[in-house]
Amino acid sequence: MSKSVKCYLECCKSSHPKIQLPHNLPVLIGRMPELAVTDKMCSRNQLELTANCQKKYVLVKRLGANKSQINGIDIEQNKSSRLEEGHELHIVNGKYPHQIYFTDENTDTKAQKSTISSSRIQTEKADISSKESVHKRQKVTSKTKAKKAKITLKENDSPSTDSVYTFNSPDAGTLSTQKLESKNTSRIPEKHHWSQGLRASMSDAELIVLEDEKLVVIRDKFPKAKYHWLVLPKEGISSTKNLTFENIDLLQHILKVGKEIANEVTDEDIAFRFGYHAVPSMSQLHMHVISQDFNSPCFKTKKHWNSFTTDYFVNATDIIQELATDGKVQDRKKLTSLLNAPLKCHRCKELQKNIPTLKKHIQKCCIVL
DNA sequence: GTTCTAGAAC
DNA sequence: GTTCTAGAAC
């Protein structure tokens, strides 16, 4: 599997073609033409990037004297931080933003032929297996063609994992023979807990569907239905428990925009719900806009199902009503037990043995209705 | 032997 | 939130 997954470093400002990061081989980047970085504040060996294509992250070790950042957090010199898809890496002093992404080369070709649509909303379909990477690949490929990429990676003489990849360019020439000193293999704790991922996603251009001065709408990274978006306020609000009377207008606006997005869907017989999880896992208030087909490969577990089809899913109108009445949203921690409730069809309420059986059932049940 | 789930790890 | 995987269920 790892052979087919490839990792790429992409400039957020499209200043240079994408760069492939080989699995488990350190790559040195910094002040060099290939990155379009001429800033003297940037070392020629500013960062060492080591991709893990199996687990889909890149370890970023800062070698240069000046600061580099992941999602605005400084990376300490000679220490490694974990960079994941959706994170933003600034190569030096908050400049030169880059992101990484992974592609499964085997699935891209097939998807490229079938999934591109002219309608914006159509492109939001939960065609998960390959679509996201297709978009990225198309975008980057066109850039690459336009600029006639000349970047090649040159492997050192040193064997396998102890070798350092660097760019075969005049500026970087002296680096090509550099051997990596004894590798610091100790894993540095992540700067960001997984629960902060949504905040990063809010600025991910690949996920953003629309935004205004108050909110951002993004595609859910792991949609649980054919259509699944998240509407998030730009204001830092962790969850519904932090809401007050003052937020009623904001929540009404969030709901209005969510409904507008859903209204753009032209599929027949597709219903939507708009609401919040009783006890959300991810920080930053987010309203789900989710179609009721639950037809998605990312819908896998009982917890997924029950979080959208039991009282654990709280209608946005109920939240707004509670705020209007009480000035706060009631504590629903006790509803967490609903996540383990027996699997039940959300339409006919028939009990289902397991997830595969439920999936088959709801396909038929949705068609009937 | 294969499928599926649930809990640990991240 | 997801991924991984041991062990239960089939």
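Predicted, not measured: the structure shown is a model, and the values here were computed from it.

What the 4 strands build is an open sheet, ordered β3-β4-β5-β8; its pairing is antiparallel. Every other strand in the sheet has two partners, leaving β3 (27–29) and β8 (80–83) as the edge strands with one partner each. On average, each strand axis in the sheet is inclined to that of its neighbour by 30 degrees, with strand direction left out of account. As defined by bridge partners, β3 adjoins strand β4 (residues 47–52) across 3 bridges and the pair is classed as antiparallel. Bridge assignment links L28 to a residue of β4, and that residue is E48.

We now examine the pairing of strand β16 (residues 272–277). With 5 of 6 residues buried, β16 lies mostly within the body of the structure. Relative to strand β18 (residues 313–315), β16 runs antiparallel, the two being bridged by 3 bridges. Paired with G275 across the two strands is N315, which belongs to β18.

With that settled, the discussion passes to the sheet that holds β18. Taking strand neighbours across the sheet as the criterion, the 6 strands line up as β13-β14-β15-β17-β16-β18 in an open arrangement whose pairing is antiparallel. Both outer strands of the open sheet, β13 (208–211) and β18, are each paired with one neighbouring strand and no more. Pairwise comparison of adjacent strand axes, ignoring direction, gives a mean angle of 30 degrees for this sheet. Contacting β13, β14 (215–219), β15 (228–233), β16 and β17 (287–291), helix α4 (residues 248–263) crosses the sheet at an angle of about 145 degrees to β16. Each of β15, β16, β17 and β18 is contacted by helix α5 (residues 302–309), which is oriented at about 105 degrees to β16, the strand it contacts most.

Here we take up the nonpolar core. One finds W229 and M287 to be the most contacted residues of the largest nonpolar core, which totals 32 residues. Breaking this core down by element, the ones donating at least two residues are β14, β15, α4, β16, β17 and α6 (316–326). Ranked by the residues each element gives to this core, the list is headed by α4, at 8 residues. The contacts of M287, once residues within four sequence positions are left out, are W229, L230, V231, I254, L255, G258, F274, G275, Y276 and A316. Within the second largest apolar cluster, 25 residues are counted, among which are L9, C42, C53 and F102.

It is worth spelling out the layout of surface pockets at this point. Empty pockets left among the atoms are what a rolling probe the size of a water molecule brings to light. The computed volume of the second largest pocket comes to approximately 340 Å³. Lining the second largest pocket are 19 residues, and of these S239, K241, A278, V279 and P280 sit closest to its centre.

Glancing now at the protein's contact with DNA strand C. The environment of DNA strand C is formed by W194, F222, K224, H277, P280, S281, M282, K300 and H304. Separating a phosphate oxygen of DNA strand C from a side-chain N or O atom of K224 is a distance of 2.7 Å. Contacts to DNA strand C include S281, whose backbone N or O atom sits 2.9 Å from a phosphate oxygen. A per-class count over the surface near DNA strand C returns 4 nonpolar, 3 polar and 2 charged.

Counting across every chain of the model gives 8 aromatic pairs. Aromatic side chains F294 and W305 sit 5.1 Å apart centroid to centroid with 70 degrees between the ring planes, which places their arrangement in the edge-to-face category. On the criterion of sequence distance, the pair formed by F294 in the loop between β17 and α5 and W305 in helix α5 is long-range, its members being 11 residues apart. By the burial criterion, F294 is buried, and W305 matches it. With 5.7 Å between their ring centres and 45 degrees between their planes, F308 and F313 make a pair best called tilted. Through a chain of ring-to-ring contacts, the aromatic side chains of F294, F299, W305, F308 and F313 assemble into a single cluster. When the ring centre of Y57 is taken as reference, the NZ or CZ atom of R82 above it lies at 3.9 Å. Across from the ring centre of F274, 5.9 Å away, lies the NZ or CZ of K259, which sits over that ring.

Basis of the calculations
Residues numbered from 1 in each chain as written. Chains lettered and ligands numbered in written order. Predicted model: local features only at pLDDT ≥ 70, side-chain atom pairs only at ≥ 80, totals over all residues. Heavy atoms only, no water. Pairing = 2+ DSSP bridges. Helix = DSSP H or I, 4+ residues; strand = E, 2+ residues; numbered from the N terminus. Axes fitted to C-alpha atoms, helices over the stretch in contact; angles between N-to-C directions. Buried < 20%, exposed > 50% of the residue type's maximum accessible area, 1.4 Å probe, protein only. Contact = heavy atoms within 4.5 Å. Core = buried A, V, L, I, M, F, W, Y, C linked by side-chain atoms within 4.5 Å. 1 Å grid on protein atoms, 1.4 Å probe; cavity = no way out; pocket = protein on both sides within 12 Å on 5 of 7 lines; lining within 4 Å. Points joined across faces, edges and corners; volume = space filled by probe spheres on them. Near = heavy atom within 4 Å. Polar contact = N/O pair within 3.5 Å; in protein donor to acceptor, adjacent residues only side chain to side chain. Nonpolar A, V, L, I, M, F, W, Y, C, P; charged D, E, K, R; others polar. Phe/Tyr/Trp six-rings, centres within 6.5 Å; stacked < 30°, edge-to-face > 60°. Lys NZ or Arg CZ within 6 Å of the ring centre and 35° of its normal.

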